[in-house]
Amino acid sequence: MKALIFPGQGSQKVGMAKAMIEKYSWAAEMAARADSLLGRGLSDICFNGPEEELKKTVNTQPAIFLASAILTDWLKKNGWVFAAAAGHSLGEYNALYAAGVASFDDLIKLVDVRARAMEVACPAGTGAMSAVMMLGREELEQACLEASSEGVCQIANYNCPGQLVISGLAAAVKKAGELALAKGARKVVPLEVSGPFHSPLMQKAREQVAAALENISFNDAIVPVFCNVDARPTTAAAELKSKLLDQITGSVLYEDTVNNMLAFGVTEFVEVGPGKVLAGLNKKIASAVNTLFASDPVTLEQLLQANQAS
C-alpha cells in the first residue's frame, strides 16, 4: 500500500520545480496561475531566488505548495495510485490537494493567507523555537510545563525519536531548553524562524485562516488524510477543515502519523516535494520503512519505472 507524504517549511530550495515547468507546458501554466492568483511573481522567486527571498515565510509556504502540487499532478496524470496521504505542517495542505479535498486555486490562496498571518501573528523577537535532541517526550513535556512560569511553551513538533521542537515565548523556550539539558538532552539548537509556530501564540493567524476558510468549500477526501493534530486518518470534509485550523496553534504529531500509517497498512511512502527531510525522519521512526522520492522529472520517471516493475 502506497502513501504520499509532503514536506513543510524548511525543505525549500532555489530552483525547485523549475525542471518541471521547463519540461511540461501544463506545469508552466500552473506556475503562471499561481502568480496570477497571488498577484506577484512567486514562481520567479521559487525558480530563481534569491535564497533570502525564498526563505521568507510569506514566499516559502506558497512556493513549496506550488512545487509539490505540480509534482502531485504529474503523478495523477501518470496513473499513480495511493491509499493515504499526510503532510508535515504546511505539507498537510498538499496532502489535502492530493486527496481532492479542495482546488489548487483555493488552497494556494489559503496557504498565502496562512503564511502572511503566521509571519505577523507574534511581535518580532517575542517568540522562539528550538530543536531538542535526544530527550524523551515525557521529559521534554515536563520541562515545558516547568518553564511555563516564564510564559507559553509547548512541544511544536514530534518529528521522530530524539528530535523534538519546542515553541513559545522566547524566555519560556530558553528556560525549557535549559531544563531539557539538565534532564539529559544531548543538545538544544535555537531555530531561525519568523515566529513561534505551532503554539498558542499563533492564535491571531488561526483566526485569519478561519475567516478565509469560511469562503472555501471542502470535499470529503478520496483517500484518508492522516492529520497533524491527532495523527488519525480522516476523510470527512468538516473534520479536515477543523483539524487544519487546529494545526496552526497545535502540535505536529509526525512520528505518530508515520506509525499510524504503517499500522494502517502503508508499506511504501513517496515524499513529494523538494528535499528528503521526511525520508530522514521516517528512517528514525521505523528503520525498515521504504521512502521513495518525487522531486523532479528524473525521480518521477524512476518512480514510475520502479512501480511498473513491481
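Fair warning: this is a prediction, and the values are worked out from it, not measured in the lab. (Residues numbered from 1 in each chain as written. Predicted model: local features only at pLDDT ≥ 70, side-chain atom pairs only at ≥ 80, totals over all residues. Heavy atoms only, no water.)

K.L.:
Tell me what's going on with the packing of helix H10 (residues 203-213) against helix H11 (residues 237-249), and back it up with residues and numbers.
P.N.:
When two helices pack together, their arrangement is captured by the angle between the axes and the distance separating the axes. As a packed pair, H10 and H11 sit with axes 8 Å apart at the nearest point and diverge in direction by 160°. On the basis of their axis angle, the class for H10 and H11 is roughly antiparallel. Where H10 crosses over H11, the two elements pack in a sense that is right-handed. Contacts between H10 and H11 involve Gln203, Ala205, Arg206, Val209, Ala210 and Leu213 from the former and Lys241, Leu245, Asp246, Ile248 and Thr249 from the latter. By residue class, the composition of the contact of H10 with H11 is six nonpolar, two polar and three charged. (Axes fitted to C-alpha atoms, helices over the stretch in contact; angles between N-to-C directions. Helix = DSSP H or I, 4+ residues; strand = E, 2+ residues; numbered from the N terminus. Parallel < 35°, antiparallel > 145°, perpendicular 65-115°, else oblique. Left-handed = near helix turned anticlockwise from the far one by under 90°. Contact = heavy atoms within 4.5 Å. Nonpolar A, V, L, I, M, F, W, Y, C, P; charged D, E, K, R; others polar.)

K.L.:
Explain the sheet that holds strand E8 (residues 233-234) to me, and be specific about the residues and the numbers.
P.N.:
As summarised here, the arrangement of the six strands in space is E8-E7-E2-E1-E9-E10, forming an open sheet in which the pairing is mixed. Either end of the sheet is taken by a strand with one partner, and the two such strands are E8 and strand E10 (291-294). Relative to strand E9 (residues 268-272), strand E1 (residues 2-6) runs parallel, the two being bridged by four bridges. Each bridged residue has a counterpart across the sheet, and for Ala3 the counterpart in E9 is Phe269. The sheet contacts of helix H12 (residues 254-264) involve E1, strand E2 (84-87), strand E7 (225-226) and E9, and relative to E2 the element is tilted by about 170°. (Pairing = 2+ DSSP bridges.)

K.L.:
Pulling in residues and values, what's your account of the packing of aromatic side chains?
P.N.:
Taken as a whole, this structure holds five aromatic pairs when the rule is applied. The interplanar angle of 25° and the centroid separation of 5.9 Å between the aromatic rings of Phe65 and Phe104 together place this pair among those described as stacked. With Phe65 in helix H5 (residues 57-77) and Phe104 in helix H7 (residues 104-120), this pair connects stretches of sequence that are 39 residues apart. Looking at Phe65, the relative accessible area reads 0%, which means it is buried. Judged by its relative accessible area of 8%, Phe104 falls in the buried class. Considering the side-chain rings of Phe226 and Phe264, the 5.4 Å spacing of their centres and the 75° angle between planes classify their relative orientation as edge-to-face. Remark: Phe264 occurs in helix H12 and Phe226 occurs in strand E7; sequence separation between them is 38 residues. Judged by relative accessible area, Phe226 falls into the buried class, the value being 1%. (Phe/Tyr/Trp six-rings, centres within 6.5 Å; stacked < 30°, edge-to-face > 60°. Buried < 20%, exposed > 50% of the residue type's maximum accessible area, 1.4 Å probe, protein only.)

K.L.:
An account of helix H2 (residues 25-38) is needed here, citing residue identities and associated values.
P.N.:
For H2, built from 14 residues, the straight-helix expectation of 20 Å at 1.5 Å per residue is met to within 8% by its first-to-last C-alpha distance of 20 Å. Taken together, the buried positions of H2 are occupied by Trp26, Ala27, Met30, Ala31, Ala34 and Leu38. Summarising the axial view, the buried residues of H2 lie within an arc of 150°, below the 170-degree limit, and thus occupy one face. Relative to its buried face, H2 has exposed residues pointing more than 90 degrees away, namely Ser25, Glu29 and Ser36. Among the residues trailing H2, Gly39 stands out with phi positive, at a value near 70°. (Expected span 1.5 Å × (residues − 1). Arc of directions from axis to C-beta.)

K.L.:
Any details on the sheet that holds strand E5 (residues 163-169)? Residues and values, ideally.
P.N.:
Spatial ordering of the open sheet is given by E4-E5-E3-E6, a layout of four strands whose pairing is antiparallel. Of all the strands in the sheet, just strand E4 (153-160) and strand E6 (187-190) have a single pairing partner and so form its edges. For this sheet the average axis-to-axis angle between neighbouring strands, irrespective of direction, equals 25°. Strand direction decides the pairing type here: strand E3 (residues 127-133) and E6, joined by four bridges, are antiparallel. The residue bridging Val132 from the neighbouring strand is Val188, located in E6. Sheet contacts for helix H8 (residues 137-147): E3, E4 and E5; angle to E4, the most-contacted strand, approximately 160°. Here helix H9 (residues 170-182) sits on the sheet in contact with E3, E4, E5 and E6, set at roughly 145° to E5.

K.L.:
Explain unusual backbone geometry residue by residue, including any values.
P.N.:
Across the junction of Gly49 and Pro50, the peptide omega takes the value 5°, indicating a cis bond. Its place among the elements puts Pro50 in the loop between helix H3 (42-48) and helix H4 (51-54). Phi is positive for Ser89, which is not a glycine, with a value near 55°. As for its position among the elements, Ser89 is in the loop between E2 and helix H6 (91-98). Given the relative accessible area of 11%, Ser89 is considered buried. Phi angles above zero are rare outside glycine, and Met134 is one such case at about 60°. Relative to the elements of secondary structure, Met134 occurs in the loop between E3 and H8. Note on Met134: relative accessible area 45%, which makes it partly exposed.

None of this, on its own, says anything about what the molecule does.
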